Amino acid sequence: MLTLKITDMTCNHCFGLINRAIKELDADAVVTADLTSRSINVQSSQSQDEILDALEDIGYPAKPESTCCSVDRSSKSQNTAN
């Protein structure tokens, strides 16, 4: 599942446009939104880059949300080595 932050998504109308753009790429995609956090969850066979490009094209640039597992471990190991 892909979680994206879309700061310009402020209402259900915005989400409808976003959902439609993703469904044009993958009719079987499952898209849910959290308007409070301005984020969406996407289950799709399309790549992250394809989805990000489609959202950019309709004026809703998105950024992948980091998860607990995507922490940069290299900086942590440098701090503990001292």
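Refer to the structure above for everything that follows.
Residues numbered from 1 in each chain as written. Predicted model: local features only at pLDDT ≥ 70, side-chain atom pairs only at ≥ 80, totals over all residues. Heavy atoms only, no water.

### Points about the overall build of the protein
Along its length, the protein carries three helices and four strands. What you see in the protein, going N to C, is helices and strands ordered as β-α-β-β-α-β-α. Counting all 82 residues of the protein, 26% fall into the buried class. Long-range pairs, those at least 24 residues apart, make up 62% of the contacts in the protein with a sequence separation of at least 6. Surface summary for the protein: the accessible area is close to 5,500 Å², and the carbon and sulfur share equals 46%. (Helix = DSSP H or I, 4+ residues; strand = E, 2+ residues; numbered from the N terminus. Buried < 20%, exposed > 50% of the residue type's maximum accessible area, 1.4 Å probe, protein only. Contact = heavy atoms within 4.5 Å. Areas by Shrake-Rupley, 256 points an atom, 1.4 Å probe, with all protein chains shown as cover.)

### Focus on the pairing of strand E1 (residues 2-5)
Side chains of E1 alternate between two faces, with Leu-2 and Leu-4 buried and Thr-3 and Lys-5 left unburied. In this structure, E1 lies alongside strand E3 (residues 39-43), joined through four bridges in antiparallel fashion. Its bridge partner lying in E3, Leu-2 is registered against Val-42. In this sheet, strand E4 (residues 63-64) lies alongside E1 in antiparallel orientation, the contact comprising two bridges. Counterpart to Leu-4 in the pairing with E4 is Pro-64. (Pairing = 2+ DSSP bridges.)

### Details of helix H1 (residues 12-25)
Along its 14 residues, H1 runs 20 Å from first to last C-alpha, staying within 8% of the 20 Å computed at 1.5 Å per residue. Looking only at H1, the buried set comprises Cys-14, Phe-15, Ile-18, Ala-21 and Ile-22. For H1, the angular spread of buried residues about the axis comes to 125 degrees, placing them on one side. Every exposed residue of H1 that faces more than 90 degrees away from the buried side is listed here: Asn-12, His-13, Arg-20 and Glu-24. Residues of H1 that are buried make contact with strand E2 (30-34), E3 and helix H2 (48-57). (Expected span 1.5 Å × (residues − 1). Arc of directions from axis to C-beta.)

### Focus: the pairing of E3
A regular strand places its side chains so that they alternate between the two faces of the sheet. For E2 and E3, the ladder comprises five bridges, and the chain directions are antiparallel. The residue bridging Val-31 from the neighbouring strand is Val-42, located in E3. The loop that links E2 with its antiparallel partner E3 comprises four residues; one of these, Arg-38, has a positive phi angle of about 55 degrees.

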